Amino acid sequence: MMKLTVAILALTLCNATAKASQKKKIGITLNAGGNTAGNAMAGFMRGFQQQTVEMNGEDRPALEAADYIAGSSAGSIVATIYHYQNSTTTDELLDAAGPNDPSQITNEVLDTVPENSIFPAFGAPISLSIQSAIPVALATGKPFWPILVQNLFLQRFGIEAGKPLSSAKIRDDVKTTPIISTSFIGPVEVFPSHLGVINREIYTEYNENSSMLEMVDEADTEFYDIIDEINEVTGGGVTDVRLTDLNILRSFAEDNGFQLNLPAFGTATEFTIPLSGSVATLEYEGVENQIDAAEPFDIEGPLVLTYEELSSEGNPFTLETLLGMSTDILSLNPGLRALLDSQSPVPVAGRPISASIPTTDGELREVAFTDSGTNDLSGLPALIKMKPDRVITCFVAGPVDAGLSDGPEVASSISYQVFNIFGYNFGLVDVANPASIVSGRVLSHLFDLYSNGENQLVKLVNIFESLRDAGEPLVTTLEGLDVVDNEFWGIEGGWKVNVTFVFMVGVPQQFVDELPEDIAPPPAGKSKTEFGFFTNEEFASVPNVIPLGSDELIEINGAFIPAFGFELPERPARMTQILTSWVIKRAWNGLVGIDGEVKFGGFRELFEEEEEEEEPLSFWLRLLKYLFFWR
């Protein structure tokens, strides 16, 4: 009996020690923002692939040490191609052998984008893919956008169209789980007419009951100084900053039949609508007779479905369907739908991307999905749902958010994409604006602003400003953030996570100083940069690259193809790819601010494996051995 007791105790102690030394789960997020963001996010991935960490006694690319890669909209394109392409190696896909040192940049380098890499996809002429997608949509009757996504992004990497996602294989050299976000927007029978009214009643109540929402603590004077700075940069109007109360929003949603875009996401094996709490009655009655009523239905979340369950005979749920759901801007843009339909003998652009989900009465209901950017711009909420230990969240401001005309200030640049995850939003929701469908800034409250007793946004802004003044990239870790409950994302709070923020707006001076003189030369009488951006006209929007206008042409094999308004110009996009991978290299071993203090400990320490805690285990084993034989 004594031996059995000692053996059980030994196993218990061994298990406890093993748990203490387990590898921390690491997640990377890739943000939304069209091809501008997609190009930059792929550049960050390139940077992580170029750096190595020791794994099992061997130096391996840092990406192999990560556990999750989560994408929103354009970030989902990068995540999907990285996991599922089978036409080349990861090194070739991400151009890992290419330059990440600004001193090595030449005009030849800027003119050369490796054809087998992911990067040419962000400058490819969309019009050619549209022309090939229309006949397929007409012949099959399927939604147009997933077909376009397949033609534009997936087929060039050997990803087969129409293949069930349940049988899609992630490459052997990829160690991460993909997380692809989307938005659930209601039953197909009211699509797309209800998009003009979705969210409206809920956020009207939100506005009318704003006094019920907790306001910023007036004693937090440093936070008010930041708000004043944002007002100054944006021209005013950002006067009342309020904390989102998700319980109140849940109540408003229940009162209005959940007529709002709800989060959803897919991984390699399953699809989730994470809404938790009580049974939700979805009732789409419309507003002021603008849409016909839809039969109400109840769902009880979180709904977790396999891809086999989302498939039907002759209609498998495919990878292009999931990626189409994550990136679908057609459903949000009537003008774009009309433009596409003008090029087809029969309208094809208005067909919703949909799936059948189970209701509480055991029936199935066909519901529509749209671009994940309407709920989340970062990929971060779905990743937090997975309860990682460490998160690296990558942001690149879009051309508008970057404030290219006046030059960015740190606080204003991060306010749109970062403040919301701490639950703080500016002003009221503009319910008269069709763009009010975008609720991501309201539903994505993840962390307590005053985690560790300190205003984390003030801390983040101060660190970023110190790094900017030192000419360094904006990278830092906020440790021990308190996760809050969020029923819309099915997140149970009460735990802590370390989040590393990587934010790109403008060009760090350290990068500029190392560039050869003939690269991005300034106009006469000007310095190489102003307000953090190149003064050279060609590179003026790097890294927040502005797409080509619809009046510009793209040269393909000697032919000139009209741009569609999404494609990126090649040389600024290439400069951004090198810049973003340089950011990872520059920050690999840490960053120091203008005050001489360390502001970031380095990516290396985030990725490195934890040391095994052998000493405590050895002690207990020696003790147990003594007791065992003493008997």
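Please refer to the structure higher up on the page.
Residues numbered from 1 in each chain as written. Predicted model: local features only at pLDDT ≥ 70, side-chain atom pairs only at ≥ 80, totals over all residues. Heavy atoms only, no water.

(A) Structural context of the overall build of the chain. Broken down by element type, the chain carries 20 helices and 23 strands. Taken over 631 residues, the chain has a buried fraction of 55%. Relative to all contacts within the chain whose residues are 6 or more apart in sequence, the contacts with residues 24 or more apart total 77%. Of the roughly 25700 Å² that the chain leaves accessible, carbon and sulfur atoms contribute 50%. (Helix = DSSP H or I, 4+ residues; strand = E, 2+ residues; numbered from the N terminus. Buried < 20%, exposed > 50% of the residue type's maximum accessible area, 1.4 Å probe, protein only. Contact = heavy atoms within 4.5 Å. Areas by Shrake-Rupley, 256 points an atom, 1.4 Å probe, with all protein chains shown as cover.)

(B) Representation of helix α18 (residues 570-586) in the model. Along its 17 residues, α18 runs 24 Å from first to last C-alpha, staying within 8% of the 24 Å computed at 1.5 Å per residue. Most of α18 sits out of view: 14 of its 17 residues are buried. (Expected span 1.5 Å × (residues − 1).)

(C) Spotlight on the packing of aromatic side chains. One pass over the structure, following the stated rule, counts 16 aromatic pairs. Here the aromatic rings of F534 and F539 are separated by 6.4 Å at their centres, their planes lie at 70°, and the arrangement is edge-to-face. Summarising the burial analysis for this pair, F534 and F539 share the class buried. Relative to F603, the ring of F600 has its centre 5.0 Å away and its plane inclined at 70°; by these criteria the two rings are edge-to-face. Given the relative accessible area of 2%, F600 is considered buried. Among the aromatic residues, ring-to-ring pairing joins F48, W588, F600, F603 and F607 into one connected group. (Phe/Tyr/Trp six-rings, centres within 6.5 Å; stacked < 30°, edge-to-face > 60°.)

(D) Broad picture of the pairing of strand β13 (residues 364-370). Within β13, five of the seven residues are buried, which leaves the element mostly enclosed by the surrounding structure. Joining the antiparallel neighbours strand β12 (residues 353-358) and β13 is a turn of five residues, in which G362 adopts a positive phi near 90°. (Pairing = 2+ DSSP bridges.)

(E) Main features of the packing of helix α2 (residues 34-50) against helix α3 (residues 74-84). Contact pair α2 / α3: the axes reach a minimum separation of 7 Å and the direction vectors enclose 45°. One element, α2, and the other, α3, form an angle in the oblique class. Between α2 and α3 lies a crossing of right-handed hand. For the pair α2 and α3, contact is made by G34, A37, G38, M41, A42 and M45 and by A74, V78 and Y82, respectively. (Axes fitted to C-alpha atoms, helices over the stretch in contact; angles between N-to-C directions. Parallel < 35°, antiparallel > 145°, perpendicular 65-115°, else oblique. Left-handed = near helix turned anticlockwise from the far one by under 90°.)

(F) Quick look at the pairing of strand β17 (residues 496-504). Here β17 lies mainly inside the structure; seven of its nine residues are buried. Looking at chain direction, strand β14 (residues 390-396) and β17 are connected through seven bridges and run parallel. Looking at β17, one finds that R390 is bridged to N498. Bridging between strand β16 (residues 474-482) and β17 involves seven bridges; their strand directions are antiparallel. Bridge pairing links L474 to F503 in β17.

(G) Just the pattern of salt bridges, in detail. One pass over the full model with this rule turns up 18 salt bridges. A salt bridge links D482 to K496; the nearest nitrogen and oxygen atoms lie 2.6 Å apart. You can see D482 sitting in strand β16 and its partner K496 sitting in strand β17, a full 14 residues away along the chain. K496 sits in the partly exposed class, given a relative accessible area of 46%. Sharing partners across several salt bridges, the network here consists of R46, D95 and R574. (Salt bridge = Lys/Arg side-chain N within 4 Å of Asp/Glu carboxyl O.)

(H) Just the nonpolar core, in detail. In terms of nonpolar packing, the biggest core is built from 177 residues, with F447, F603 and F607 touching the most fellow members. The element that contributes the greatest number of residues to this core is helix α7 (residues 144-154), accounting for eight residues. With residues near it in sequence (within four places) discarded, F607 still touches I26, I28, F48, V53, A62, A65, A66, R390, I392 and W588. (Core = buried A, V, L, I, M, F, W, Y, C linked by side-chain atoms within 4.5 Å.)

(I) Here's a closer look at helix α8 (residues 200-208). Regarding α8, the residues found buried are R200, I202, Y203, Y206 and N207. Burial along α8 is one-sided: seen end-on, the buried residues are contained in an arc of 160°. (Arc of directions from axis to C-beta.)

(J) Just unusual backbone geometry, in detail. In this chain, G301 is followed by P302 through a cis amide linkage whose omega measures 0°. On the secondary structure map, P302 appears in the loop between β10 (297-299) and β11 (303-306). The linkage connecting V542 with the following residue, P543, adopts the cis geometry, with an omega of 5°. Structurally, the position occupied by P543 is in the loop between β19 (533-534) and β20 (553-556). Unusually for a residue other than glycine, N56 sits at a positive phi of about 55°. Its place among the elements puts N56 in the loop between β2 (52-55) and β3 (58-61). Classification of N56 as exposed rests on a relative accessible area of 74%. Even without glycine at this site, K387 takes up a positive phi of about 55°. Relative to the helices and strands, K387 is located in the loop between α13 (380-385) and β14. K387 sits in the partly exposed class, given a relative accessible area of 48%.

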